[in-house]
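Residues per chain are reported as follows:
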Amino acid sequence: AAMRHLPYFCRGKVVKGFGRGSKELGIPTANFSEQVVESFPSDISTGIYYGWACVGNGDVHKMVLSIGWNPFYKNTKKSVETHIIHTFKEDFYGEILSILIVGYIRPEKNFDSLETLISAIQEDIEEAKRQLDLPEHLKLKDNNFFHLPEGKIMNHH
Ligand code: ADP
Ligand code: MG
């Protein structure tokens, strides 16, 4: 069921999140605005996904993505946060992030400690890297979506 909407293409501005300190954990997540999140299929499963991402007209990188319940709205709205598997020299708030969601890793979970949370995310990152190296997933990195001007967004599903 989680795979029904995949692959999923999405483009939008990076906004300030709710400062849960992802960056301090070494795992910054670029948040999409509420408006972009609302444009997602309402029945898309929460959880952890993997795919490809690019900032502005930059290079395409591997990413892990979390679709979760947004605590700011008392868990009635979703949040969509992308961790790009690349080290950036600077933050990119306000820039256009393009993502292509390719596959699903696992549902959302609660963790007893920060250590178990961090190690789960590190495993997600390793799983994403492995999956995205498979030829069928690697080929999506060159999708025209990443080279099209803004506004020409299509969803294939
Ligand atoms: P916020 O709560 O504002 O989302 P985070 O701690 O999650 O703060 O940090 C996210 C910000 O870090 C992004 O909006 C982006 O500007 C920056 N950033 C730097 N490197 C990355 C990366 N590899 N992946 C995602 N965001 C990154
Ligand atoms: Mg964030």
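Going by the structure above, here's the rest.
The structure presented is a predicted model; accordingly, all values stated were derived computationally and were not measured.

Chemist: Give me the lowdown on the pairing of strand β4 (residues 61-69), citing residues and values where you can.
Modeler: In terms of residue burial, β4 counts as a mostly covered element, since seven of its nine residues are buried. With seven bridges connecting them, strand β3 (residues 47-55) and β4 associate as antiparallel partners. In the strand pairing of β4, W52 is matched with K62. Taken together, β3 and the strand that follows it, β4, pair antiparallel across an intervening segment of five residues, in which G56 is found at a positive phi of about 60°. Pairing of β4 with strand β5 (residues 78-84) involves seven bridges; the strand directions are antiparallel. The partner of V64 across the bridge, within β5, is H83.

Chemist: Explain the environment of G26 to me, using residue names and the numbers behind them.
Modeler: Along the chain, G26 turns up in the loop between β1 (8-15) and β2 (30-32). Residues G26 and F72 lie 46 residues apart in sequence; the distance between their C-alpha atoms is 22 Å.

Chemist: An account of the pattern of salt bridges is needed here, citing residue identities and associated values.
Modeler: Applying the stated rule across the entire model yields seven salt bridges. For the salt bridge of K77 with E34, the shortest nitrogen-to-oxygen distance reads 2.7 Å. Here K77, found in the loop between β4 and β5, pairs with E34, found in helix α1 (residues 34-38); they are 43 residues apart in sequence, far enough to count as distant. Judged by relative accessible area, which is 25%, K77 ranks as partly exposed. Across the pair E126 and K129 runs a salt bridge, and its minimum N-O distance is 3.3 Å.

Calculation criteria
- Residues numbered from 1 in each chain as written.
- Chains lettered and ligands numbered in written order.
- Predicted model: local features only at pLDDT ≥ 70, side-chain atom pairs only at ≥ 80, totals over all residues.
- Heavy atoms only, no water.
- Buried < 20%, exposed > 50% of the residue type's maximum accessible area, 1.4 Å probe, protein only.
- Helix = DSSP H or I, 4+ residues; strand = E, 2+ residues; numbered from the N terminus.
- Pairing = 2+ DSSP bridges.
- Salt bridge = Lys/Arg side-chain N within 4 Å of Asp/Glu carboxyl O.

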